[in-house]
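Fold and geometry: a report
Here are the chains, one letter per residue:
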Amino acid sequence: MENRERTGASSIPGVRPHGSEAPPPLLEVRGLTKSFFGIPVLEDAHLTLQRGQVHGLVGENGAGKSTLMKVLAGVYQPDAGTVLLDGQAVNFSHPTKAHEAGLSSVFQEFNLLPDRTVAENIYLGREPRRGALVNKALMNRKTAELLQSLGITAIRPTAQVRSLTVAEQQVVEIAKAVSYDARIVSMDEPTAALAGAEVELLYQIVSRLRERGTAILYVSHRLRELFDLCDVITVLKDGRVVSTGPASELDDASLVRLMVGRPISAFFPDKLPPPDSDDDRGNAEIIGAGVPATPILELRGAGNGQLEGISFSIRPGEIVGLAGLQGSGRTELLHAIFGAAPFSRGAMKVEGREFLPRSPRDGVRARMALITEDRKAEGLSLNQSILDNALTVIRSVFPRRTRAARTGIPGVFSSLEVVARDLDQEVQYLSGGNQQKVVLAKWLAIRPRLVLLDEPTRGIDVGAKVAVYRLMRRLAAEGKAILMVSSELPEVIGMSDRILVMRDGRLAGELPAGTSEEAVLQLGTGARIAPEGGA
Amino acid sequence: MNQRAGMIDRLSSTQIVYLVALLTLVVGALLVSTIGRNFFSQGNISSILTGTSVLGFIAIGQTLVILAGSLDLSVPYVTSLASLIAAGVMANNPANVLPGVMLTLAAAAVIGLANGLIVARLNVHGFIATLGMGLIISGYLATNFKGSFGQAPLSFRLIGATGLGPVPISTIIMLACAALAMLLLHRTRLGHHLYAVGGDISVARTSGIRIDLPVITAHVICSLMAGMAGLLLASRLGVGSPTVGSQGGYDLLSIAAVVLGGTLLAGGKGTITGTLGGVLIFAMLDNIMSVMQINPFLKDVVRGVVIVVAVAVYARRRIVNRPERFSSKVSPQSPAAQAAQAAQAEGP
């Protein structure tokens, strides 16, 4: 109640009770520039935020949205440019400085302590006291009031955060941001982890905040949300603002057109003809003859806690792209196929035989390879040698073939063009691209039939990217099946024979080779599907 | 089987600890009565409670350190050193009791401060920092003291020997320390921040917490508690001893009691109440087995089994971090029927 009264005076956007000249905007960003390792991520970005305004920020992966948000939150320092708050230049050297100035951020990854209560999390570091002791009653009461002011009554201040649903945890995260008396709240993909109905909760909170005069910077890929919630939409592309204007003047198609349109790089290699002598049981020959071969992977109505009704198949020699938004279930699908987080429903066939891997070991036994998204955490033992890393999988699953694989390693490395001093060098001293090649070599050692790639070119240089693309083409020509998750749309479109698009844990549709980025985005975001889209 | 597991899942770990303690009590009473002894005699209860106080002091301190995400392996040596300083300074003179106690606690606090600074400022993990500190103290003790040293005056020895009814004074002091530790943990900002630092240091940092302070405080209090244990032992033995702490094995035993009490070894979650339950279980087990005159080696086997089983129970109660979007229950339909349905729903 208190909160609403206090902010009631400024609840009409842009109107102030006194002052004849136009007041400065709540937040103004001018000429913001930020580079990492000499690569510009933000260039001359500008942005204006008024009281009570919901400002959408969109752009493809790598367009600079998160960087802009992190500069505003005090996580990064800009190389150039100014941030004006109420017309005053500010510079946040630390996240707490941004909080004190009334600018709070809700990031994608949760910043909560799961074993503490809602109230303890929200007031962490600022616990109200009576004398020397924490006033728990007051803390819980203030939390209840705060949640109530956001229209939330279902969350008890004394509940453990661990016991809440993801949506409720997101609400706590937002409540924490608001509790710093925030005048500006920026949210990075707040609905990425939420299911359909839970999004309504977020809508409700955003409109409450808007009524109170809080300005909101809303980063999202989901076009529907942007049009539902935002007054103004700014589009970023390659670190630059390409458009900013009222949401009412845009529609799905024009917004998508503004976001994409980057020229597709010419470095995607052409398809290779199948090799003459094939050592992989004649699959390539069958394709050559145009007869449909037995699919290497076939899924029928497969699902688990994160996936539902997944049905598709991949034939030998095919590269299938898997597109979709962050949190749409792409990584979960790869993990389910591989057995790391198995399917609990539906049927899966590998080369025509019923097979549901229950563990990664099952997956490897069926000659599947999973190149994980986070190579440092899940792909490599950083302080072991290149050779040991390359032999990890074969040693543990096919120990009798280790000796044979070891003799083949130098050849594999030279064909992948790995740049390293020698095979005893520790992997941590290699560049990102060479590390990724070691991961690939590790999986090639088991001679996989199905290669699952999760963001295979994330964080590696162009040369290494091309090497990865060439390898994919070569594997396909040898009759292997490839399923590739990628957030880089040009990459998905440039490399795939077909593109599967996921949304909210389901397959939203399939697109043919050479489709447009617009079509992929429309399927992935649930925007109106263009007539020529779909399978 | 499943239902029982479900019931266990719904209890808090502190509740489980006290259920196990109750179970130990009942089983112990029955076993002891089979050899014609009374488990609930005043003498026996007093003996169990006496058994809780030394380990209790150390485990309270260890709880704070573990909650903050660190560990303290130097406690047994601090305890030995404390008993030597106390008995040495008092030198059988009642007038020296107060200076002896103060000096002992001051020395313990300095060691704790050093531990805390090494962990918080030099970023050495508590395991290593306190292992090193423990070795230093142990080396000092071994080279300078060949046997017992000093003498505690009668007035000081009475603390370890008297009680209110069956409850020893030392147990009351230990419980008072526990109450203070609980007050610190649950009612002060520092306590809240201690949980935060142990739970997720980056969350604590971005919430504007000075992360060094809780860690250093926890180490200082832990050493002070080990010092208290040393004072109690000096009072009971009447002399200081360079090996009294390490003979008790209080480093690992206190960690075991803390973990048995439901505190996560990784920090951020746990209670003093749970730790006291863990200490009580160990004290009762010890008592039952010595009354039953069981082979002392078997004592350690039982302790080992209890601790491993307890942690296994807590581990399976961990809730998955990410709730499911779709129910993962297998539906009663056959996979084939499901597949057909899915194919229909998906269309061509």
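The next point concerns the overall build of chain A. Within chain A one finds 19 helices and 22 strands. Taking all 535 residues of chain A together, 49% fall into the buried category. Intrachain contacts of chain A at a sequence separation of at least 6 include 68% that bridge at least 24 residues.

Right, let's talk about the sheet that holds strand 2 (residues 39-49) of chain A for a bit. Residues and elements named next belong to chain A. Pairing in this open sheet of four strands is antiparallel, and the strands run 2-1-4-5 from one edge to the other. Looking at the sheet topology across the chains shown, the edges are occupied by strand 2 and strand 5 (88-90). On average, each strand axis in the sheet is inclined to that of its neighbour by 30°, with strand direction left out of account. The pairing of strand 4 (residues 80-85) with strand 5 spans three bridges and is classified as antiparallel. Note that in strand 5 the partner of Leu 85 across the bridge is Gln 88.

In this section: the sheet that holds strand 17 (residues 353-354) of chain A. Residues and elements named next belong to chain A. Across the sheet, which stays open at both edges, the four strands sit in the order 14-13-16-17 with antiparallel pairing between neighbours. Edge positions in the sheet fall to strand 14 (310-314) and strand 17, since each has one partner strand and no second. As defined by bridge partners, strand 16 (residues 345-350) adjoins strand 17 across two bridges and the pair is classed as antiparallel. Along strand 17, the bridge assignment pairs Val 350 with Arg 353.

Time to look at the confidence of the model for chain A. Detailed reading of the predicted coordinates is not advisable wherever pLDDT is low. Residues and elements named next belong to chain A. Summing up the model confidence of chain A, the mean pLDDT is 84 and the portion of residues at 70 or higher is 88%. Per-residue pLDDT stays below 50 along residues 1-20; that stretch engages in 22 contacts with residues further than four places along the chain or on separate chains. Low pLDDT, under 50, characterises residues 277-289; the stretch is placed with 22 contacts to residues that sit more than four places away or in other chains.

Here the focus is the environment of A:Ala441. All names here are of chain A. Among the structural elements, Ala 441 can be located in helix 16 (residues 432-444). Judged by C-beta crowding, with 23 C-beta atoms within 10 Å, Ala 441 ranks as buried. When near neighbours in sequence (up to four residues on either side) are disregarded, Ala 441 contacts Ala 390, Ile 409, Val 412, Phe 413 and Leu 416.

On to the packing of helix 4 (residues 75-90) of chain B against helix 13 (residues 250-260) of chain B, then. Residues and elements named next belong to chain B. Two elements in contact, helix 4 and helix 13, have axes separated by 7 Å at closest approach and are oriented at 120°. When the axes of helix 4 and helix 13 are compared, the pair comes out oblique. Contacts from Val 75, Pro 76 and Thr 79 in helix 4 reach Tyr 250, Asp 251 and Ser 254 in helix 13. Each residue belonging to the contact of helix 4 with helix 13 can be placed in one class, and the counts come to three nonpolar, two polar and one charged.

Procedures and definitions
- Residues numbered from 1 in each chain as written.
- Chains lettered and ligands numbered in written order.
- Predicted model: local features only at pLDDT ≥ 70, side-chain atom pairs only at ≥ 80, totals over all residues.
- Helix = DSSP H or I, 4+ residues; strand = E, 2+ residues; numbered from the N terminus.
- Buried ≥ 20, exposed ≤ 12 C-beta atoms within 10 Å, placed from the backbone.
- Contact = placed C-beta atoms within 7 Å.
- Pairing = 2+ DSSP bridges.
- Axes fitted to C-alpha atoms, helices over the stretch in contact; angles between N-to-C directions.
- pLDDT = per-residue confidence, 0-100.
- Parallel < 35°, antiparallel > 145°, perpendicular 65-115°, else oblique.
- Nonpolar A, V, L, I, M, F, W, Y, C, P; charged D, E, K, R; others polar.

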